[in-house]
Structures are given as C-alpha cells and as structure tokens.
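# Fold and contact review
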Amino acid sequence: MDLNEMDKFAKSMVKEAGHKIRHSFFSTIEINTKSNLNDLVTNIDKEIEQFMIRKIQQQYPAHRILGEEGFGHVVESLQGVVWIVDPIDGTLNFVHQQRNFAISVGVYIDGVGMLGYIYDVVRDELYSAEKGKGAYVNDERLPMIEQQSIHKAVIGMNARWLAPNRFQLQTQLFRVVADCRSTRSYGSAALEIAYVASGKLNGYISFNLSPWDIAGGAVIAQEVGAIVSTVTGAPANYLTADTFILANEVLHDQLLNEYLLT
C-alpha cells in the first residue's frame with residue numbers, strides 16, 4: 001500500500017472539498033437539526049461527505065468509510081483500511097460565522113492512525129501528518145510541542161460542560177479552570193486539536209466526541225508529541241463517542257492524576 005500516493009490523493013480531495021464549501025457561501029444553505037436544536041446539519045455537510053465518499057470509492061473501492069452524516073459504511077471494526085470523515089466539523093460556526101470550522105479526515109489501517117488531515121477552509125491552512133514522518137501545516141513542519149504544566153497552560157474546553165448537572169466531573173473541571181492560565185473554546189474539535197498540535201493551545205478536553213471529531217487530529221497531534229486518551233486514561237476509541245483529553249505529556253499526566261481521576 002502506497003501511503004505517499006494516498007497522502008497526495010487525500011490532500012487533493014480535501015482541498016477540492018474546501019473549494020466547494022467556500023463556493024457555498026454565495027448560495028442558500030438548508031439548515032436542519034439532528035439530536036437537539038444546537039446539533040445542526042446542512043445540505044452542504046451532506047453534499048461534501050457524499051463528494052468525498054465518491055472520490056474515495058473511485059480511487060480505493062476496497063476501503064471502508066465512516067462518515068458523520070451516515071453516507072459511508074457501517075463500520076464495526078477498524079480492520080483493513082478505514083477512512084473516518086467529517087465534512088464540516090463546527091457546523092454551528094459554519095452557519096453563524098462562516099469561519100472556525102474544518103474538514104477532518106483520518107485514515108486508519110488495522111486500527112492504527114496512519115494519515116491525518118484537518119483543513120481550516122477559510123484560512124486555507126491544511127494540517128497533515130503521516131505516522132512516523134512528522135506533522136505539517138501547509139508545507140511548514142510543526143515542531144514538537146512544549147511541555148507545559150497546568151499553571152501556564154491554555155486549555156481548550158467548552159464552557160457548557162461547567163453548567164449545573166451537565167457532567168459528573170463538574171467539580172474537577174472547575175478546579176482545572178481555576179488553576180490553568182486560561183481556557184478557550186472555538187466550537188470545532190478538529191481545530192482545537194490542530195491548535196494543540198501547532199502550539200496555540202497546550203491541551204484540549206471534551207466530552208461526547210464522535211470518532212470523526214478526533215480521528216484525523218489525533219494522528220497529527222501524536223506526531224508532535226501529544227498524548228491522546230479518554231478522561232479515565234484509556235486509549236482513545238475511534239468507533240464510538242467518548243470523552244477525550246489531548247495534551248502535552250506533562251499536562252496530560254497532571255490533568256488525569258491531579259484533577260480528573262481524583
């Protein structure tokens with residue numbers, strides 16, 4: 001299997017999908033809801049996923065595809081080659097701001113993340129990585145991330161998780177917010193992972209993330225030294241929704257052992 005050719009194909013596909021999304025800014029967008037009023041989906045999400053699935057199936061008919069909008073395969077294991085695709089991560093931002101959203105793609109082979117892509121469509125920034133070969137934004141190689149403890153860390157975290165009775169770790173999360181340097185929320189898991197990989201954030205905590213939210217970004221972030229796990233310290237699950245911490249090694253260990261597991 002030629003990963004170099006797959007990488008070229010994936011980058012071309014993602015860039016073409018981004019062009020289609022930018023073009024949609026000048027058209028009428030159909031907006032619907034999924035699980036709740038804040039869980040939006042548009043005709044553009046669906047069209048872009050269908051576009052990417054067609055491209056992948058034409059080029060690699062034996063590969064399976066797990067997509068957010070359900071146009072791919074029913075994937076119950078990561079055996080073989082599986083593409084995990086989110087056509088627009090941050091649909092709420094896409095609808096309201098026309099910025100701060102991304103295309104996310106991860107390619108897993110027998111359960112191992114081999115290729116990862118996050119494309120910030122509006123800024124034209126393509127984060128990418130091949131396992132063992134480093135991570136890049138466009139053509140610039142990303143350095144290994146700095147080791148940073150919580151007191152000097154900026155952490156990506158959605159404030160909704162601090163709402164009363166929202167999540168069982170509320171007390172621990174209040175302590176994280178009180179002790180870190182600051183928090184940020186950009187409304188796109190993929191972008192926040194990209195920001196950890198590129199040093200704009202030191203860590204990211206989120207709950208109820210689906211595989212397509214994190215699969216591409218995990219490959220990228222691990223190439224620059226980030227640790228990815230659930231909030232219990234278990235390996236990340238790329239088949240079902242789960243809770244995630246992604247951070248430099250020092251901060252990841254501190255979040256787990258001094259905050260979330262206490």
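Look up: the structure comes first, before these words.
Below you will find a few notes about this structure. None of these values were measured; they are calculated from a predicted model.

So, about the pattern of salt bridges. Where side chains of opposite charge bring their charged atoms close, a pairing between them can arise. Taken as a whole, this structure holds six salt bridges when the rule is applied. The partner of K11 in a salt bridge is D7, and the shortest N-O contact between them spans 3.2 Å. Separated by four residues within a single helix, K11 and D7 lie in helix α1 (residues 3-24), roughly one turn from each other. Judged by relative accessible area, which is 27%, K11 ranks as partly exposed.

The subject of this paragraph is the sheet that holds strand β13 (residues 227-229). Pairing in this open sheet of five strands is mixed, and the strands run β11-β10-β12-β14-β13 from one edge to the other. Of all strands in the sheet, those with a lone pairing partner are β11 (182-184) and β13, marking the two edges. Taking each pair of neighbouring strands and ignoring which way they run, the sheet shows an average axis angle of 15°. Looking at chain direction, strand β10 (residues 154-156) and β11 are connected through three bridges and run parallel.

With that settled, consider the environment of N4. Here N4 shows up in helix α1. The partly exposed category is assigned to N4, whose relative accessible area is 38%. Taking the C-alpha atoms as reference, N4 lies 37 Å from Q254; in sequence the two are 250 residues apart.

So, about the side chain of D86. Along the chain, the position of D86 falls in strand β4 (residues 81-89). By relative accessible area, D86 is classed as buried at 0%. A polar atom in the side chain of D86 sits 3.3 Å from the backbone nitrogen of I88. Once residues within four sequence positions are removed from consideration, D86 is found in contact with E68, A102, I103, S104, W212 and D213.

A few words on the packing of aromatic side chains. Going through the model one piece at a time under the given rule, you end up with eight aromatic pairs. Taken together, the aromatic side chains of F9, Y60 and W83 make up a single cluster linked through ring pairs. Directly above the ring of F51 sits K20, whose terminal nitrogen or CZ lies 5.0 Å from the centroid.

Before going further, it helps to examine the sheet that holds strand β6 (residues 112-120). Through backbone hydrogen bonds, the strands of a sheet pair up, either in parallel or in antiparallel fashion. Spatially, the seven strands line up as an open sheet ordered β3-β4-β5-β6-β7-β8-β9, and their pairing is mixed. Each of the sheet's edge strands pairs with one partner strand only, and the pair in question is β3 (64-67) and β9 (140-141). Where strand β7 (residues 125-130) lies against strand β8 (residues 135-137), three bridges are found, and the strand directions are antiparallel. By the bridge assignment, S128 is partnered in β8 with Y136. The strands that α1 touches are β4, β5 (102-109), β6 and β7; relative to β6, the one it contacts most, it runs at about 25°. Most of the contacts of helix α5 (residues 189-197) go to β6, to which it runs at about 105°, and overall it touches β4, β5, β6 and β7.

Each value, and the rule that gives it
- Residues numbered from 1 in each chain as written.
- Predicted model: local features only at pLDDT ≥ 70, side-chain atom pairs only at ≥ 80, totals over all residues.
- Heavy atoms only, no water.
- Salt bridge = Lys/Arg side-chain N within 4 Å of Asp/Glu carboxyl O.
- Helix = DSSP H or I, 4+ residues; strand = E, 2+ residues; numbered from the N terminus.
- Buried < 20%, exposed > 50% of the residue type's maximum accessible area, 1.4 Å probe, protein only.
- Pairing = 2+ DSSP bridges.
- Axes fitted to C-alpha atoms, helices over the stretch in contact; angles between N-to-C directions.
- Polar contact = N/O pair within 3.5 Å; in protein donor to acceptor, adjacent residues only side chain to side chain.
- Contact = heavy atoms within 4.5 Å.
- Phe/Tyr/Trp six-rings, centres within 6.5 Å; stacked < 30°, edge-to-face > 60°.
- Lys NZ or Arg CZ within 6 Å of the ring centre and 35° of its normal.

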